[in-house]
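# Geometric and topological summary
One letter stands for each residue in the lines below.
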Amino acid sequence: MIILDGKKTSNDIKNEITEVVQEMKTRGEKVPHLAAVIVGNDGASLTYVGSKVRACERVGFESTMVRMPNTTSETELLREIKKLNDNPEIDGFIVQLPLPKQIDTQKVLMAVDPDKDVDGFHPTNFGRMALDMSTFIPATPFGILELMDRYNVDTQGKHTVVIGRSHIVGRPMSILMGRKGFPGNSTVTLTHSHTKNITQITSQADIIITALGVPGFLKAEMVKDDVVVIDVGITRVPDESRERGYYITGDVDFENVSKKASHITPVPGGVGPMTIAMLLKNTLLARERHLAANR
Ligand code: GUN
């Protein structure tokens, strides 16, 4: 059984990006600049955004964190997005999700300039992804593809079962795994809360990508021998005995499923760190595209 080590792989990618940034500096070019907008005080979101900003510093990018209160109106947020769209210093930015109830998420995502949409959530970029055009692939799916690529996981002709149809992970993953090319060329089944007899489907899968947020959902009885398992679930389980007051766990019963798997991602240390590395990669791509457009 091979552990798909997202922590190590993301460090490799960050080192590669650091070298490219050094070369940009040597040529006297502006370095990539990522901004992150966070509305409210959700603990998990603050942790993620903090990690994204720290990752920027580590590779030599500029970064800006825009914090807005929980009471922010939709109009105020749209105004902030327009400022970021119009600011030539900013190469790419993200609006951390989820947003407070009073704000229409779709309206916000539509307001982001597709050329700065390093999350790849704008309908233009999502459509371009589905049509195999150049785009920003959402960071988590992009990270999963990169992890499979670097570990030479064979996807061609395999049956990939995706569990969960979120706009951020399940839905894009189901499209990407079925695309022509590598990683891709899979036969894909997208399962969700209305799927009947899911065990019958998962037990036929060569590759399972689970993004549900239900701890321990995928059990050893649900998978066949030599399955490849990608666990995208990140759930904080309250635990008074830990200093932080919680521990992180995935969707997979790792102890038992790992005994049958050929490859498996751990939680933490699997897909999570890859998401951040690929957000940096998209920001670098945005900088390179802006540079090429202004030549
Ligand atoms: N919330 C959970 N995952 C993500 C992500 O990849 N990007 C943003 N903007 N918000 C998220």
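Residues numbered from 1 in each chain as written. Predicted model: local features only at pLDDT ≥ 70, side-chain atom pairs only at ≥ 80, totals over all residues. Heavy atoms only, no water.

## Looking at the packing of helix α2 (residues 43-59) against helix α10 (residues 271-293)
Two elements in contact, α2 and α10, have axes whose closest approach is 10 Å; the angle formed by their N-to-C orientations is 55°. The pairing of α2 with α10 is recorded here as oblique in orientation. The element α2 and its partner α10 pack so that their crossing is right-handed. Counted together, Ser51, Lys52, Ala55, Cys56 and Val59 of α2 and Ile276, Leu279 and Leu280 of α10 form the full contact between these two elements. Partitioned by chemical class, the residues of the contact of α2 with α10 number six nonpolar, one polar and one charged. (Axes fitted to C-alpha atoms, helices over the stretch in contact; angles between N-to-C directions. Helix = DSSP H or I, 4+ residues; strand = E, 2+ residues; numbered from the N terminus. Parallel < 35°, antiparallel > 145°, perpendicular 65-115°, else oblique. Left-handed = near helix turned anticlockwise from the far one by under 90°. Contact = heavy atoms within 4.5 Å. Nonpolar A, V, L, I, M, F, W, Y, C, P; charged D, E, K, R; others polar.)

## Structural notes on the packing of aromatic side chains
Summed over all chains, the structure comprises zero aromatic pairs. The side chain of Arg289 reaches across the aromatic face of Phe136, ending 4.6 Å from its centre. (Phe/Tyr/Trp six-rings, centres within 6.5 Å; stacked < 30°, edge-to-face > 60°. Lys NZ or Arg CZ within 6 Å of the ring centre and 35° of its normal.)

## Structural notes on the pairing of strand β6 (residues 187-191)
Bridge count between strand β5 (residues 159-163) and β6: five bridges; the pairing is parallel. By the bridge assignment, Val162 is partnered in β6 with Leu190. Taking the sense of rotation as the criterion, the β-α-β connection linking β5, helix α7 (residues 170-178) and β6 turns out right-handed. (Pairing = 2+ DSSP bridges. Right-handed = clockwise from strand over helix to strand, strands pointing away.)

## Focus: the site of the ligand
The environment of the ligand is formed by Lys52, Val95, Gln96, Leu97, Asp119 and Phe121. Within the contact set of the ligand, a nitrogen atom lies 3.0 Å away from a backbone nitrogen or oxygen of Leu97. Contact with the protein chains removes 82% of the 280 Å² of surface that the ligand exposes when unbound. (Near = heavy atom within 4 Å. Polar contact = N/O pair within 3.5 Å; in protein donor to acceptor, adjacent residues only side chain to side chain. Areas by Shrake-Rupley, 256 points an atom, 1.4 Å probe, with all protein chains shown as cover.)

## Considerations on the pattern of salt bridges
Close approach of charged atoms lets side chains of opposite charge pair. Counting across every chain of the model gives 12 salt bridges. For Glu16, the salt bridge identified is with Arg150, shortest N-O distance 2.9 Å. Of the two residues, Glu16 is situated in helix α1 (residues 6-26) and Arg150 in helix α6 (residues 139-150); the sequence distance between them amounts to 134 residues. Its relative accessible area of 37% is what places Glu16 among the partly exposed residues. Here Arg287 makes a salt bridge to Asp91, at a shortest N to O gap of 2.8 Å. Of this pair, Arg287 sits in helix α10 while Asp91 is found in the loop between α3 (74-86) and β4 (92-95), placing the two residues 196 residues apart along the sequence. Exposure remark for Asp91: the relative accessible area of 1% places this residue in the buried category. (Salt bridge = Lys/Arg side-chain N within 4 Å of Asp/Glu carboxyl O. Buried < 20%, exposed > 50% of the residue type's maximum accessible area, 1.4 Å probe, protein only.)

## With respect to unusual backbone geometry
At the junction of Leu97 and Pro98, the peptide bond is cis and its omega measures out at 0° in the coordinates. Looking at the secondary structure, you find Pro98 in the loop between β4 and α4 (105-111). At the junction of Val267 and Pro268, the peptide bond is cis and its omega measures out at -5° in the coordinates. Looking at where Pro268 falls in the secondary structure, it is placed in the loop between β11 (263-264) and α10.

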